[in-house]
Amino acid sequence: MKSIIFFFLCCLSGLFAQTKAVITGNIKSSENENLGGINISFTVNNLHYSTITDTLGHFSESVALGEIKMTVNPAGYIQKELFFDLVKDTVISIVLEKDISFLKEVVIDNDNKKGIKTLSGGKLVFNLKELSSVPTLLGTTDIIKLLQLTPGVQNSGDANGYLYVRGGDPGHNAILYDGTPVYGMSHLLGVFPFYNTDHIKEVEFDKSSSNSKYGGRLSSTTLLVPFKKVPSEFAVQGNLGILASQLTLSVPLTGKSGFYISGRKTYIDEVVGPFIKAGSENNDVQDMKYGFSDANMTFVSRLSEKNLFSVAAFVSGDDLKIKDDNLILKTNLKWSNFTVSPTLATTISPDVNMTNSVYFSHYSNDLQMEQATIQFGVSSYVKDFGFNNSVRYSFKNIVFESGLQYVYHNLQPQKVNVENLTDANNSTRNNKINANEAAVFTTIKPKLTDHLNAELGLRINYYTSGTKADSYLHFQPRVLLNYIANDRYSFYASYNRQYQYLSLITTSSVGIPTDFWIASSNGIKPQSSNEFSVGSAQNISKNIVSSFGGFYRSMKDLLEYPYGVTQFNETTTLENDLLRGKGKAYGLEMMLRKNNGKLNGWLSYTLSWSDRNFDGLNNGNIYFAKYDRRHNLSLVGMYDLNAKWNFGLTQIFSSGSRFTMPTSWYFVNNNPVKEYSEYNNAQMPNYIRTDLSVNYFFLKTNKKESALNFSIYNTFNIENPVYVVLNVQVNEDKSSVIVKQEKKVLYRILPSISWRFKF
């Protein structure tokens, strides 16, 4: 009897164990690119399952046994259907062909392309090629301006190229170019796009930095992914404009190696300079020169079927010179970036992939001023030498990604030099910081039920700048839950804890890069935050999707530097000048998006609050953060009229940023004196801007393109002040003071024309 019972138990256990199996695999293009964001559905015995590939093209789904119909529905590729009998765990590798047919010069292209895709947890992926109709000043896509049109991102206004995400400061955002941090974030005043989008395949934007693979910032992570496929043939593309031009070359070396190289340069001095001088009443007073150039290079080599080697590099340089003979003033401001990162991606097995990379990143700025006999200079830099390792694998049908990271930081926050200030000796202040940072991380993606997925991450950071008091060990958990109710509705909830060891100290309200980075040392603690967010996504129809969400973030050990470019004297130190405080931010986000058809685009709205509390400011009371902008509304529309014409529209509305204004005036020895009440007690006017663009295509095929772009920035010439100056007028008997606000506007309507080409 025991033997019979044991026999039946074995049979039943086998029956129960085999009711489901796991299908895992990878999806690539015919050019051997991993395809992320691909929708996959499974049908078996009237049961339906669905999943989506991650950024590496991997997927995994547990489905019932039986006759399977597997449908791969990609955007821009030919749909595939597979039929097979599922009896055990199965690994599948799929290669997709582009859905493009040629008939002379006419292209019949799949209409199901998405400029923006939503990944788990509300993360967004941007296909820059499909967003070329979004209006920009130079006729090329501006990544920073594009991100500012999405929920949770504050509009920074004119003269500012920084990101402000979910109530955080600009230095709370990480921008990674092929995994390498970029510390200098904008060209002058944020007018020109900082990155050459012809060299970038896609952009992944995570407002919460929910992936434990990335750390070191309190707020968002933006991944800039350059092309990593071996070019099959020589190609040229670029943009020729009246203010700047760019060129990108795709060069195959062998059948298994090649490179991409891009370059940009502005000639604004040659075009605009003569008009400035001609319109000046005194040519000696107004003499300003500005120029920038940047370059990208990516080398790709397929060493073997399982090994792909690449080297990505980025370099940029800006130079601003101002000369005023009346004030006997000369100013020269330079800032530059350089990054390089060799990477080896290895496919060990269908279930195991490993990536190893080393990188170097260098950012510096240098301001030199000379007035009469006084010479003043302030400079700063940050250098990173780093190593990244990650391994992606499956264990018992659960996807893991683990790895380790190390980076050596070398910083000089401020090097100040003053000569001939007094009859005394010249004075200098120079402080350098060296720090080491190591981290291990693990992300687990279990499927808890048929409808509930999870991403569970843990990042462990160790940081030291040389002393025990400046050494920290931090545990940073990340939790993301995704509930997929059906094909139309999904929900998510997340929690993230972050620590930041390098902090950006902003010294100007406009985009002049005199800001500097400082590391946690000499008693300066790392910044930290806890963020909670919830949200949902709805597929209203085949082409229309919407998303709603909310967030709450608390922050500690924030830094504030209230002294402008620099405070210099012999009795203070930079560490003593920095103020420490805390803050919180919370809000609601909404996005309505139409993906396909002749008319597509999105509507984005954010309602948010952000405040700060510093003992050394506002008498220790809570005050509004500078970029506490209550309402942010963006409307983006793109319309393809026909094969020759398409149009773009951007409409932006946001509440004004905060600033501090005097509340009363009084006299001391017949001189007017300002008196303040609360910090950031005033608000700039609401920001309103309408941008338009028109593209006319002389030629448009898959491999060739020739188009004219007409763009107008701030079409209706609305006055959006950058800052407010208070002019004080005293009557003749000095018995009263009249204070008038003067709004300073940097630029209004800005038209541009450019020629975009590809062959």
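Residues numbered from 1 in each chain as written. Predicted model: local features only at pLDDT ≥ 70, side-chain atom pairs only at ≥ 80, totals over all residues. Heavy atoms only, no water.

### So, the overall build of the chain
Per the secondary structure count, the chain includes four helices and 49 strands. Across the 759 residues of the chain, 49% fall into the buried class. Considering only contacts in the chain between residues 6 or more positions apart, those separated by 24 or more positions represent 62%. As presented, the chain carries roughly 34800 Å² of accessible surface, and 58% of it is formed by carbon and sulfur atoms. (Helix = DSSP H or I, 4+ residues; strand = E, 2+ residues; numbered from the N terminus. Buried < 20%, exposed > 50% of the residue type's maximum accessible area, 1.4 Å probe, protein only. Contact = heavy atoms within 4.5 Å. Areas by Shrake-Rupley, 256 points an atom, 1.4 Å probe, with all protein chains shown as cover.)

### A word on the nonpolar core
Most often, soluble globular proteins have nonpolar side chains that are buried together. Ranked by internal contacts, the top residues of the largest apolar core, which has 79 residues, are Phe-126, Tyr-195, Trp-517 and Trp-602. Beyond its immediate stretch of four places on either side in the chain, Trp-517 contacts Gly-171, Tyr-183, Met-185, Arg-217, Tyr-363, Val-382, Leu-411, Pro-413, Gln-500, Leu-502, Ser-503 and Leu-504. Judged by nonpolar contacts, the second largest core, of 21 residues, contains Ala-21, Val-44, Ala-64 and Tyr-77. (Core = buried A, V, L, I, M, F, W, Y, C linked by side-chain atoms within 4.5 Å.)

### Considerations on the environment of Ile-92
Mapping Ile-92 onto the fold places it in strand E7 (residues 90–96). For Ile-92, a relative accessible area of 13% puts it in the buried group. Placed 68 residues apart in sequence, Ile-92 and Thr-24 show a C-alpha to C-alpha distance of 6.3 Å. If we ignore the near neighbours within four places in the chain, the residues touching Ile-92 are Ile-23, Thr-24, Gly-25, Asn-26, Phe-59, Met-70, Leu-82 and Phe-84.

### A few points about unusual backbone geometry
You will see that Asp-557, though not glycine, has its phi angle at about 60°, which is positive. Relative to the elements of secondary structure, Asp-557 occurs in strand E35 (residues 544–560). One non-glycine residue, Asn-618, lies in positive phi territory at about 60°. Considering the arrangement of structural elements, one finds Asn-618 in the loop between strand E37 (599–614) and strand E38 (623–624).

### Structural notes on a nonpolar patch on the surface
Nonpolar side chains collect at one region of the surface, where Leu-599, Tyr-639, Leu-641, Trp-645 and Phe-647 lie side by side and expose about 420 Å² of accessible area between them. Among the structural elements, Phe-647 can be located in strand E40 (residues 645–654). Its relative accessible area of 31% is what places Phe-647 among the partly exposed residues. (Patch = residues over 30% accessible without salt bridge, like charges linked within 9 Å, V, L, I, M, F, W, Y side chains within 5 Å. Salt bridge = Lys/Arg side-chain N within 4 Å of Asp/Glu carboxyl O.)

### Re the sheet that holds strand E3 (residues 47–52)
The antiparallel open sheet is built from four strands, whose spatial order is E3-E2-E5-E6. The strands lining the two open edges of the sheet, one partner per strand, are E3 and strand E6 (80–86). If you compare each strand with its neighbour and ignore which way they point, the axes differ by 20° on average. Pairing of strand E5 (residues 66–73) with E6 involves seven bridges; the strand directions are antiparallel. From the neighbouring strand, Ile-68 faces E6, where its bridge partner is Phe-84. (Pairing = 2+ DSSP bridges. Axes fitted to C-alpha atoms, helices over the stretch in contact; angles between N-to-C directions.)

### Overview of the pattern of salt bridges
Close approach of charged atoms allows side chains with opposite charge to pair. Inspection of the entire model under this criterion finds 18 salt bridges. One salt bridge in this structure joins Asp-169 and Arg-612, with 3.1 Å as the shortest N-O distance. Here the residue Asp-169 occupies a position in the loop between strand E13 (164–165) and strand E14 (174–177), and Arg-612 occupies one in strand E37, the gap between them amounting to 443 residues. A relative accessible area of 23% means that Asp-169 is categorised as partly exposed. The class of Arg-612 is buried, set by a relative accessible area of 5%. In this structure, Glu-401 engages Lys-213 in a salt bridge whose closest nitrogen and oxygen atoms are separated by 3.4 Å. Taken together, the residues span a long stretch of sequence, with Glu-401 in strand E26 (residues 398–419) and Lys-213 in the loop between strand E16 (200–206) and strand E17 (221–226) at a distance of 188 residues. Judged by its relative accessible area of 9%, Glu-401 is buried. For Lys-213, a relative accessible area of 22% translates into the label partly exposed. Bridged by salt links that share partners, the residues Arg-166, Lys-207, Glu-531, Arg-553 and Glu-589 form one connected network.

### Observations concerning the side chain of Ser-634
Mapped onto the fold, Ser-634 is located in strand E39 (residues 631–640). Classification of Ser-634 by relative accessible area gives buried; the value is 6%. Not counting residues within four places of it along the chain, the set of residues in contact with Ser-634 comprises Gln-148, Leu-149, Trp-602, Leu-603, Ser-604, Gln-651 and Ile-652.

### Quick look at the sheet that holds E14
The mixed open sheet is built from six strands, whose spatial order is E10-E11-E16-E17-E14-E15. The sheet is open, and its two borders are formed by strand E10 (116–118) and strand E15 (180–181), each paired with just one other strand.

### Considering the packing of aromatic side chains
In this structure the tally under the stated criterion is 28 aromatic pairs. Seen from their ring centres, Tyr-586 and Trp-609 are 5.3 Å apart, and the 15° between their planes marks the pair as stacked. Taken together, the residues Tyr-586 in strand E36 (residues 579–594) and Trp-609 in strand E37 connect sequence positions 23 residues apart. Residue classification places Tyr-586 among the partly exposed residues on the basis of a relative accessible area of 29%. Through a chain of ring-to-ring contacts, the aromatic side chains of Tyr-177, Phe-194, Tyr-195 and Phe-314 assemble into a single cluster. One Lys or Arg, Arg-658, reaches over the ring of Phe-624 and ends 4.0 Å from the middle of that ring. (Phe/Tyr/Trp six-rings, centres within 6.5 Å; stacked < 30°, edge-to-face > 60°. Lys NZ or Arg CZ within 6 Å of the ring centre and 35° of its normal.)

### Here we look at the confidence of the model for the chain
Model confidence for the chain is summarised by a mean pLDDT of 83, while 85% of its residues fall at 70 or above. Considering only residues more than four positions removed or in separate chains, one finds that residues 4–17, a stretch of pLDDT under 50, has zero contacts. Low confidence marks residues 278–285, where pLDDT is under 50. Its contacts with residues over four positions away, or in another chain, come to nine contacts. (pLDDT = per-residue confidence, 0-100.)

### What to know about the pairing of strand E19 (residues 244–254)
Note that strand E18 (residues 235–241) and E19 share six bridges and pair antiparallel. Bridged to Val-236 within E19 is Leu-249. Between the antiparallel neighbours E18 and E19 lie two residues. By the bridge criterion, ten bridges tie E19 to strand E20 (residues 257–266) in an arrangement that is antiparallel. Residue Ala-244 lies in a different strand from E20, and its bridge partner there is Thr-266. As consecutive antiparallel partners, E19 and E20 are separated by two residues.

### Looking at the side chain of Thr-606
Relative to the helices and strands, Thr-606 is located in strand E37. With relative accessibility at 2%, the residue Thr-606 sits in the buried group. A polar side-chain atom of Thr-606 sits 2.8 Å from the main-chain amide nitrogen of Gly-152. Leave out the neighbours within four places in its chain, and Thr-606 touches Pro-151, Gly-152, Leu-588, Glu-589, Arg-630, His-631 and Asn-632. (Polar contact = N/O pair within 3.5 Å; in protein donor to acceptor, adjacent residues only side chain to side chain.)

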